[in-house]
Amino acid sequence: MNTITLADLHLLNIQTIRDLEANTINEIPHANLIKKAGKATANLAKQLIKKKALPALILAGPGNNGGDACATAAELAKDGYSVIVILCADPEKYSADGKKAFDKALSRKVIFKNSDALDDLLKLDFSIIIDGLFGIGLKRTISGSYEKVINGVNQLAHKKQIFILSIDVPSGLNADTGTLVTDDADKNVAVKADATITFIANKPGLHTADGKDYAGEVIVNDLGIQSPVTEESKLLLNHASRFNFQLPERKQNSHKGSYGEVIVIGGDKGMLGASVLAARTALYSGAGKVNVSLLHPAIDYDTLHPEIMYKDAQHLQMKEEIVVIGPGMGHSDIAKTILSKALSSEISLVIDADALNLIAANKELNDLLMGRTASSILTPHPLEAARLLHISAKEVQQDRCKAALLLADKFKCVVVLKGSGTIITDPEGRLRINTTGNPGLATGGSGDVLAGLCGALLAQGLNSFETAQLAVWLHGAAADTLVEAGVGPIGMIASELPEAIRHCLNAFVDNQRLAN
Ligand SMILES: NC(=O)C1=CN([C@@H]2O[C@H](COP(=O)(O)OP(=O)(O)OC[C@H]3O[C@@H](n4cnc5c(N)ncnc54)[C@H](OP(=O)(O)O)[C@@H]3O)[C@@H](O)[C@H]2O)[C@@H](O)CC1
Ligand SMILES: Nc1ncnc2c1ncn2[C@@H]1O[C@H](COP(=O)(O)OP(=O)(O)O)[C@@H](O)[C@H]1O
Ligand SMILES: [K+]
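On a predicted model such as this, the values are computed, not experimentally measured, just so you know.

A. Structural detail: the overall build of the chain. Along its length, the chain carries 18 helices and 17 strands. A compact globule built from 516 residues should have a C-alpha radius of gyration of about 24 Å, and the chain, at 26 Å, falls within 12% of that. Across its three principal axes, the chain shows a C-alpha extent of roughly 80 × 50 × 45 Å. Relative to its 516 residues, the chain shows a buried fraction of 56%. With an accessible surface of roughly 22500 Å², the chain has 50% of that area assigned to carbon and sulfur atoms. In the chain, 51 side chains carry a positive charge and 57 a negative one; their mean positions are 5 Å apart.

B. Just the coordination of the potassium ion (ligand 3), in detail. Coordination of the potassium ion (ligand 3) by the protein involves Asn65 (OD1), Asp131 (O), Phe134 (O), Ile167 (O), Val169 (O) and Ser171 (OG), with metal-donor separations of 2.6 to 3.1 Å. Between the 6 donor atoms coordinating the potassium ion (ligand 3), the angles at the centre fall across 66 to 174 degrees, so the site counts as irregular. Donor residues for the potassium ion (ligand 3) sit on one chain with the sequence pattern N-x65-D-x2-F-x32-I-x1-V-x1-S. For Val169, a relative accessible area of 0% translates into the label buried.

C. Inspection of unusual backbone geometry at higher detail. Note that the residue after Gly488, namely Pro489, is joined by a cis bond; omega there is 10 degrees. With respect to the helices, strands and loops of the structure, Pro489 is situated in the loop between helix H17 (464-484) and helix H18 (497-515). Non-glycine residue Ile200 carries a positive phi angle of around 70 degrees. Note that Ile200 resides in the loop between strand S6 (195-199) and helix H8 (211-215). Judged by relative accessible area, which is 8%, Ile200 ranks as buried. The phi torsion at Met318 lies on the positive side, around 55 degrees, for a residue other than glycine.

D. Broad picture of the sheet that holds strand S13 (residues 349-352). If you trace the 10 strands from one edge of the open sheet to the other, you get S8-S17-S16-S15-S14-S13-S12-S9-S10-S11, paired in mixed fashion. Only two strands of the sheet have a single partner each, and these edge strands are strand S8 (235-238) and strand S11 (309-310). Lying on the sheet, helix H9 (residues 272-284) is in contact with strand S9 (261-266), strand S10 (289-294) and S11; it crosses S10 at an angle near 170 degrees.

E. Geometry of the packing of aromatic side chains. Under the criterion given, the structure shown has 5 aromatic pairs. On the numbers, 6.4 Å between centres and 50 degrees between planes, the contact of Trp473 with Phe508 is tilted. With Trp473 in helix H17 and Phe508 in helix H18, this residue pair connects regions lying 35 residues apart in the sequence. You can call Trp473 buried: its relative accessible area is 14%. Judged by its relative accessible area of 5%, Phe508 falls in the buried class. Connected via pairs of aromatic rings, a cluster forms that spans Phe243, Phe245, Trp473 and Phe508. Across the ring face of Tyr259, the terminal group of Arg250 is positioned such that the distance to the ring centre comes to 3.6 Å.

F. Broad picture of the site of ligand 2. Taken together, the neighbourhood of ligand 2 is formed by 16 residues, with Lys418, Gly419, Gly445, Ser446 and Gly447 sitting nearest. A distance of 2.7 Å separates an oxygen atom of ligand 2 from a polar side-chain atom of Lys418. Gly447 has a polar backbone atom sitting 2.7 Å from an oxygen atom of ligand 2. In the complex, the protein chains occlude 77% of the 580 Å² of accessible area that ligand 2 would expose alone.

G. Region of interest: the packing of helix H11 (residues 353-361) against helix H12 (residues 363-370). Relative orientation of the contacting elements H11 and H12 amounts to 110 degrees, with a least axis distance of 5 Å. The angle between the axes of H11 and H12 places the two elements in the roughly perpendicular class. Only Lys363, Leu365, Asn366 and Leu369 of H12 make contact with H11, whose side of the interface consists of Leu358, Ile359 and Ala361. Across the contact of H11 with H12, the residue classes break down as 5 nonpolar, 1 polar and 1 charged.

H. Layout of the side chain of Asp268. Structurally, Asp268 can be placed in the loop between S9 and H9. Buried and without a salt bridge, Asp268 has Lys269 as its closest oppositely charged side chain, separated by 8.1 Å. In this view, Asp268 contacts Leu295, His296, Gly328, Met329, Gly330 and Ser332; residues no more than four positions away in its chain are not counted.

I. Structural view of the domain arrangement of the chain. According to the domain assignment, the chain consists of domain 1 (6-235) and domain 2 (258-515). One C-alpha centre belongs to domain 1, the other to domain 2, and the line joining them spans 39 Å. Taken together, the contact between domain 1 and domain 2 spans 11 residues of the former and 17 residues of the latter. Carbon and sulfur atoms supply 51% of the area buried between domain 1 and domain 2, which totals about 1100 Å² over both sides. Sorting the residues of domain 1 by area buried against domain 2 places Thr208, Lys212 and Lys234 first, and these three jointly supply 43% of that buried surface. Taken together, domain 1 and domain 2 are joined by 0 salt bridges.

The rules behind these values
Residues numbered from 1 in each chain as written. Chains lettered and ligands numbered in written order. Predicted model: local features only at pLDDT ≥ 70, side-chain atom pairs only at ≥ 80, totals over all residues. Heavy atoms only, no water. Helix = DSSP H or I, 4+ residues; strand = E, 2+ residues; numbered from the N terminus. Rg over C-alpha atoms; globule rule 2.2 N^0.38 Å. Buried < 20%, exposed > 50% of the residue type's maximum accessible area, 1.4 Å probe, protein only. Areas by Shrake-Rupley, 256 points an atom, 1.4 Å probe, with all protein chains shown as cover. Lys, Arg positive; Asp, Glu negative; His and termini not counted. Charge placed at Lys NZ, Arg CZ, Asp CG, Glu CD. Donors = N, O, S within 2.8 Å, 3.2 Å for Na, K, Ca; no water. Tetrahedral: all angles 85-135°; square planar, octahedral: opposite > 155°, others 65-115°. Pairing = 2+ DSSP bridges. Contact = heavy atoms within 4.5 Å. Axes fitted to C-alpha atoms, helices over the stretch in contact; angles between N-to-C directions. Phe/Tyr/Trp six-rings, centres within 6.5 Å; stacked < 30°, edge-to-face > 60°. Lys NZ or Arg CZ within 6 Å of the ring centre and 35° of its normal. Near = heavy atom within 4 Å. Polar contact = N/O pair within 3.5 Å; in protein donor to acceptor, adjacent residues only side chain to side chain. Parallel < 35°, antiparallel > 145°, perpendicular 65-115°, else oblique. Nonpolar A, V, L, I, M, F, W, Y, C, P; charged D, E, K, R; others polar. Salt bridge = Lys/Arg side-chain N within 4 Å of Asp/Glu carboxyl O. Domains from an automatic or database assignment. Buried area = accessible area lost by both parts, 1.4 Å probe.

Right under this line is the structure:
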């Protein structure tokens, strides 16, 4: 992808795509769509194929995803590529349009095999593997010969370093939720693609939960169907190039009071570091003044960052500052009292970690959060989200978008549901899936860093939804730059993030200035 357009970021769920297709069927007959899908896939495959002398292996399933696969085979064969298709379908049962694509491929000397030939085929080498087994119509656990084909090609691709391109959706993945379609949690049957060419519009499940692991890079092709994309679209990928807000300008004639004050409250015995990390990040991301209030005040001075002030947690005013509450806070009575005071205040809050657990376990705190009029950002990881919703973490992960929307609606605040493909939602139902970040962030303390970053951006004047979008994007982008520099993903530590965040934040502001 060269320039990122709003259409690339716009996400549609399966039902909306089906509705769009039905509404345009008179203008664009389905046969044309399959033909266009085949052409687009073949064009991309041609760019990806390095060794043209080797055959391409294409998997064709029983529905229209299989039709797309046959159309791709026909296109590649037309241009002189040798193509072998594993046909996991009875072509007589294809839709009329799928059958047309199959006949065209047959007439162009594409070799069709059935899954019985799998073992022999797996001894060969291929220029590319193209997966057209299942798309958005997959409903049940994949088993039998389909399962064998998927496991076989995954292993072959891994062993021989063959690029896998999935058509529309990696077969086995739910395009709405990013989970694998399975009744058996021990069975992970899905094609592990290096890239996915997805049609009509981008899809949420390619970007969250297991989506990134199975879809690889996502390329969107609208097949000429214009989806209703506007700046007001509710379901989008979270990408800095499309943020329509800015950090307020840093005037020459400004002072530390111009950039707000953050207080991080938390740090019970043994967990002081969580609050210190959040505070350091707030400092590195531009807050004018940063304070820490520890529940276990074993330190009152940060030798590495003497800029941070330490305040007595039990005597805080909570009048004008931004409060980040929860990192390492524990579950003591004092923690509950201070949280209750924060929730009753009129200031903006970032509520993280143990503060969320306390709210989940305590009706009074829960009601205080529900009754708040001032803004709050909740930053749960899946288990914290599960506690707040009184469901299991597995249920949260089964449909991350739904869980985040439920939380935002329940508490009427902005929610950041963390994890691969972090979800950002608000009570109006706006939803963003983040595009940055990597497993280097799966390390203790990186959530504390995110909470501190949110505090600093609020302090500098962004509203809650803007803050959540920019903070989550910067947090992931910082981790990505560290990986590019060889610092991770293995062994990346949370303390390395604040400086990288500072770099990304300044670059973001410069880029915005240049663009305007
Ligand atoms: N929408 C559009 O505008 C466009 C869509 N296009 C393409 O069409 C795709 C959607 O096609 P689709 O609806 O035919 O569904 P698809 O994913 O091929 O699979 C359904 C088939 O699989 C079967 N089946 C399901 N689960 C199974 C299992 N576990 N094990 C075994 N079988 C199973 C199911 O059988 P059934 O459930 O009916 O028994 C049915 O036969 C879409 O992803 C895109 O590639 C493009 O051409 C361009 C425009
Ligand atoms: N595999 C991953 N890919 C992308 N981001 C991740 C991954 N694992 C963790 N993260 C991010 O790292 C942070 C971890 O936060 P959290 O679980 O609260 O950790 P902690 O409590 O140790 O600070 C979140 O922002 C989360 O989105
Ligand atoms: K597929």
